[in-house]
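Secondary and tertiary structure notes
Below are the chains, spelled out letter by letter.
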Amino acid sequence: HDLRTPLTAIRGYLDLMDNDNLTDKQINYLKTIDSKVKDLTELTEQLFDFSKTLDIQNELKKENVCINDILEDALASFYSLFKASNITPKIKICEEKVVRLINENMLKRIFENIISNAIKYSENDFNVKMYSDGLIEFSNKTDKLDQVSLEKFFCRYYTVRNVKKSNGIGLSIAKQLVDLNNGKIEAEYKNNNLIIKIKF
């Protein structure tokens, strides 16, 4: 809350600025400020999510959940963002229902963070495959990674320098939630393809 309030105030004052009375240089400065405030707002929300994750670790409630259904719902929720990013995802989900004892809300957050990350990194492609043994593979082409970046991929606060609007917290949260639900998550980078694998 202490971080959100001043950020909201800054955005408010930026919106009140009358661009008609500013020079082109001043307008460009305002656009830069606005962009940085948006980045900081996103980072603040991720920090807030991370703190909530820490709070609920001791109150973890699990139930039998169909992973297929949650994955399909998560992908559908990103339809507009896929379209805006000119991405046509290729999705292949097994017909067999994969049911696991897991926390449903955490599973939703895991998928949301991974899909969101893929959109940031993707070069207009995104593939999802789910197998009957519970393995899920998310992949997309990108030339923005290297082995050093990959080794720190799930580290909290690590940022891939040449990727815009990426702060690293989302995947760190995803890994922590996967661990809490006795799953495994790993990342590979082969032939300019980023592959994130999850299995419950």
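Residues numbered from 1 in each chain as written. Predicted model: local features only at pLDDT ≥ 70, side-chain atom pairs only at ≥ 80, totals over all residues. Heavy atoms only, no water.

Let's shift gears to the overall build of the protein. Across its full length, the protein carries 7 helices and 7 strands. Put simply, the protein has 200 residues, and 42% of those count as buried. Considering only residue pairs separated by 6 or more positions, the protein has 70% of its internal contacts joining residues 24 or more positions apart. When the accessible surface of the protein is split by element, carbon and sulfur atoms take 49% of a total near 12200 Å². (Helix = DSSP H or I, 4+ residues; strand = E, 2+ residues; numbered from the N terminus. Buried < 20%, exposed > 50% of the residue type's maximum accessible area, 1.4 Å probe, protein only. Contact = heavy atoms within 4.5 Å. Areas by Shrake-Rupley, 256 points an atom, 1.4 Å probe, with all protein chains shown as cover.)

Turning our eyes to something else, we now look at the nonpolar core. Formed by 41 residues in total, the largest nonpolar core has its most connected members in Leu 71, Phe 111, Ile 114, Ile 115, Phe 126 and Phe 138. Counting residues per element, this core draws most heavily on helix 5 (residues 104-121), which supplies 9 residues. (Core = buried A, V, L, I, M, F, W, Y, C linked by side-chain atoms within 4.5 Å.)

This part takes up the environment of Asn 86. On the secondary structure map, Asn 86 appears in the loop between helix 4 (79-84) and strand 2 (90-93). You can call Asn 86 exposed: its relative accessible area is 59%.

Here we come to the environment of Arg 11. Assignment of secondary structure puts Arg 11 in helix 1 (residues 4-16). Each C-alpha atom of the pair Arg 11 and Lys 38 lies 8.5 Å from the other, and the pair is 27 residues apart in sequence. Sequence-distant contacts of Arg 11, defined by excluding residues within four places in its chain, comprise Asp 34, Val 37 and Lys 38.

This next bit is on the pairing of strand 6 (residues 184-190). With 7 bridges joining them, strand 6 and strand 7 (residues 193-199) adopt antiparallel strand pairing. The partner of Ile 185 across the bridge, within strand 7, is Ile 198. (Pairing = 2+ DSSP bridges.)

The first and last C-alpha atoms of helix 5 sit 26 Å apart over 18 residues, in line with the 26 Å expected at 1.5 Å per residue. Of the residues flanking the start of helix 5, the one acting as N-cap is Asn 103, its side-chain oxygen 3.2 Å from the backbone nitrogen of Asn 105. (Expected span 1.5 Å × (residues − 1). Polar contact = N/O pair within 3.5 Å; in protein donor to acceptor, adjacent residues only side chain to side chain.)

The subject of this paragraph is the environment of Leu 43. Along the chain, the position of Leu 43 falls in helix 2 (residues 24-56). What makes Leu 43 partly exposed here is its relative accessible area of 28%. Measuring from C-alpha to C-alpha, the distance between Leu 43 and Gly 170 comes to 9.5 Å, with 127 residues separating the pair along the chain.

Bringing the sheet that holds strand 5 (residues 135-141) into the picture now. Within the open sheet, the 5 strands sit side by side as 2-4-5-7-6. Their pairing is mixed. Edge positions in the sheet fall to strand 2 and strand 6, since each of these pairs with one other strand and no more. The mean inter-strand angle of the sheet, taken between neighbouring strand axes irrespective of direction, is 10 degrees. Here 7 bridges tie strand 5 to strand 7, and the two strands are oriented antiparallel to one another. Residue pairing in the sheet places Lys 141 in a bridge with Asn 193 of strand 7. Packed on one face of the sheet, helix 5 meets strand 5, strand 6 and strand 7 and runs near 20 degrees to strand 5. (Axes fitted to C-alpha atoms, helices over the stretch in contact; angles between N-to-C directions.)

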